[in-house]
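Remarks on the overall topology
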Amino acid sequence: MKIAGFTIIKNAVTNDFPIVEAIRSILPVVDEMIVLIGDSSDATVALMEAIGDPKIKIHHSVWNKNLRKGGAVLADETNKAFHLIGDEYTWAFYIQGDEVVHEKYHPSIRTACEKYASDTEVQGLLFKYKHFYGTYDYVGDSRKWYAHEIRIIRNNKAISAYRDAQGFRKAPDQKLKVAPANARVFHYGWVKDPQAMQRKQESFHKLWHDDAWLEKNIKVATAFDYEDHIHELARFEGTHPQWIAERIVERNWTFQTDISRNKKSLKNKIKDLLKAIGIDTHYANYTLIR
């Protein structure tokens, strides 16, 4: 049983992606790591080369500007990276540029991969998620955040990235049958200094919308206003992955908010009650079979 990791990245420096931390967080689990670098205008290539791990195989790509709507270019690039994985690998471990896996989950991930290696009905492994917002001190506590997603898929090229590559499906449009990885992904996509976050908003919305939408919906500003976008937060209780520690020390900034005023809506309270009795109303882009 062998595992290949894969990821895509473009303009990591400009958009302040923790891609180095993302890659390092799964290197101990994988036997090879495919890094597909888009046509960047910054020092992304040098950043990836500086990691210097022999498991890493760097490839290059040009993003298709015609696949702008709905983030389709992200799925297209993810599929390109997946297809660079050789047939000798049983599993493919996908990590996005703002996701980091805690080292405490490495044994569980390897165990799950070994357990289901010969169980071909299992097409993927499902991860829990924790979404950080503003700084490393707060996590999203509303149902707008996805609670689970597939991050390990069987090395079957009939599987492809779904929509904007949040998850995966099997052709023609079948949800994957999955088992739990018994692990969690820490999502840091909404944790950047306000200037970097504004740059990301302006550049990444171009992958989903046309210029008219951007002009109407993206505020012209030098810094992102986190207070304008709060949805219900909770203080983070726990430890961050070791890979992100230096970034926390160097990149953290002041962000204070009164989380007591972010009361849950009645709709979300009802959904939480249903979950407590075993009825989960979260959208599921998968079928849990184990």
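Below you will find a few notes about this structure. Residue positions are counted from 1 within each chain, in the order its sequence is given. Totals for whole chains, interfaces and linings use every residue, but because this is a predicted model, local features are given only for residues with pLDDT of at least 70 and side-chain atom pairs only at 80 or more, for both listing and counting. Working from all heavy atoms in the structure, the side-chain values ignore hydrogens and water.

1. Overview of unusual backbone geometry
That bond from Ala171 to Pro172 is cis: its omega, 5°, falls within 30 degrees of zero. Unlike most non-glycine residues, Arg163 shows phi in positive territory, near 55°. The backbone of Asn182 shows a phi angle near 55°, a positive value even though the residue is not glycine. In this description a helix means any DSSP run of H or I spanning at least four residues, a strand means any run of E spanning at least two, and both kinds are numbered starting from the N terminus. Mapped onto the secondary structure, Asn182 falls in strand β12 (residues 177-190). When accessible area is computed with a 1.4 Å probe and restricted to protein chains, residues below 20% of their type maximum are described as buried, those above 50% as exposed, and intermediate ones as partly exposed. Taking the relative accessible area as the measure of exposure, Asn182 reaches 52% and is therefore exposed.

2. Some details on the sheet that holds strand β9 (residues 159-162)
Note on pairing: two strands pair once DSSP finds at least 2 bridges between them. The strand order β9-β10-β11 describes an open sheet built from three strands, whose pairing is antiparallel. Looking at the sheet topology across the chains shown, the edges are occupied by β9 and β11 (174-175). One ladder, built from two bridges, connects strand β10 (residues 167-170) with β11; its direction is antiparallel. For Lys170, the partnering residue across the bridge sits in β11 and is Gln174.

3. Overview of the nonpolar core
By convention a nonpolar core is built from buried Ala, Val, Leu, Ile, Met, Phe, Trp, Tyr and Cys residues, the set being connected through side-chain atoms within 4.5 Å. Ranked by size, the top nonpolar core spans 83 residues in total, and within it Phe6, Phe93 and Ile109 carry the most contacts. At seven residues, the largest contribution of residues to this core is made by β12. Beyond its immediate stretch of four places on either side in the chain, Phe93 contacts Ile3, Ala4, Gly5, Phe6, Ile26, Val29, Val30, Val101, Ile109, Phe127, Arg151 and Ile152. Two residues qualify as a contact provided that any one of their heavy atoms is within 4.5 Å of a heavy atom in the partner residue.

4. A look at the packing of aromatic side chains
Working definition: a ring pair exists when centres of Phe, Tyr or Trp rings (six-membered ring for Trp) sit within 6.5 Å. Plane angles under 30 degrees give stacked, over 60 give edge-to-face, the rest tilted. Tallying each qualifying case throughout the model produces 15 aromatic pairs. Arranged with centres 4.9 Å apart and planes meeting at 15°, the rings of Phe132 and Tyr188 form a pair that is stacked. A residue pair is termed long-range when its members are at least 10 positions apart, and Phe132 in strand β6 (residues 124-133) and Tyr188 in strand β12 qualify at 56 residues. Their ring planes at 75° and their centres at 4.9 Å tell us that Phe132 and Phe236 sit as a pair that is edge-to-face. With Phe132 in strand β6 and Phe236 in the loop between β13 (233-235) and α7 (245-251), this residue pair connects regions lying 104 residues apart in the sequence. Both residues of the pair, Phe132 and Phe236, belong to the buried class. Among the aromatic residues, those joined into a cluster by ring pairs are Phe132, Tyr136, Phe186, Tyr188 and Phe236. Criterion for a charge above a ring: Lys NZ or Arg CZ within 6 Å of the ring centre, and within 35 degrees of the ring normal. A cation sits over an aromatic face here: Lys2 above Tyr89, 4.8 Å from the ring centre. Of note, Arg169 hangs over the ring of Tyr162, and the distance from its end group to the ring centre comes to 3.9 Å.

5. Topic: the layout of surface pockets
Here a cavity is any set of points on a 1 Å grid over the protein atoms alone where a 1.4 Å probe fits but cannot get out, and a pocket is any open set with protein on both sides within 12 Å along at least 5 of 7 lines; a residue lines the site when it has an atom within 4 Å of a point. Grid points are joined across faces, edges and corners, and a volume is the space filled by probe spheres set on the points. A volume near 1200 Å³ is recorded for the largest pocket. The wall of the largest pocket is formed by 42 residues, among which Trp190, Lys200, Gln201, Phe204 and Trp208 lie closest to the centre. Contributions of two or more residues to the lining of the largest pocket are made by β1 (3-9), α3 (72-82), β12 and α5 (194-204). With four residues, α5 is the largest single contributor of residues to the lining of the largest pocket. Considering only residue class, the lining of the largest pocket consists of 19 nonpolar, 13 polar and 10 charged. Residue polarity is assigned by list, with Asp, Glu, Lys and Arg as charged and Ala, Val, Leu, Ile, Met, Phe, Trp, Tyr, Cys and Pro as nonpolar; anything else, Gly included, falls into the polar class.

6. Here we look at the side chain of His102
Position of His102 among the secondary structure elements: in the loop between β5 (99-101) and α4 (106-115). Here a polar contact is taken to be a pair of N or O atoms separated by no more than 3.5 Å, where protein atoms must pair a possible hydrogen donor with a possible acceptor and residues adjacent in sequence count only if both atoms sit in side chains. Within polar-contact distance, the side chain of His102 engages the side chain of Thr239 at 3.1 Å.

7. So, the pairing of strand β2 (residues 32-37)
Judged by how many residues are buried, β2 sits mostly within the fold: six of six residues are covered. Neither face of β2 is left uncovered, since the one carrying Glu32, Ile34 and Leu36 and the one carrying Met33, Val35 and Ile37 both have all their residues buried. As defined by bridge partners, β1 adjoins β2 across six bridges and the pair is classed as parallel. Pairing of Gly5 across the sheet is with Met33, part of β2. Place the viewer so that the strands point away; then a crossover is right-handed whenever the path from the first strand over the helix to the second strand goes clockwise. Taken together, β1, helix α1 (residues 19-26) and β2 form a β-α-β motif whose crossover is right-handed. Of the pairings in the sheet, the one linking β2 to strand β3 (residues 56-60) comprises five bridges and is parallel in character.

8. Things to note about the pattern of salt bridges
A pairing counts as a salt bridge when a side-chain nitrogen of Lys or Arg comes within 4 Å of a carboxyl oxygen of Asp or Glu. Inspection of the entire model under this criterion finds eight salt bridges. Across the pair Arg247 and Asp16 runs a salt bridge, and its minimum N-O distance is 3.1 Å. Highlighted residues: Arg247 in helix α7 and Asp16 in the loop between β1 and α1, separated in sequence by 231 residues. In this structure, Arg247 and Asp16 share a single accessibility class: buried. For Glu121, the salt bridge is made with Arg290, and the minimal N-O distance between the two is 2.9 Å. Taken together, the residues Glu121 in the loop between α4 and β6 and Arg290 in the segment after β14 (287-288) connect sequence positions 169 residues apart. Overall, Glu121 belongs to the partly exposed group, its relative accessible area being 38%. For Arg290, a relative accessible area of 40% translates into the label partly exposed. Residues joined in a network through salt bridges with shared partners are Asp16, Glu21 and Arg247.

Keep in mind these numbers describe shape, not what the thing actually does.
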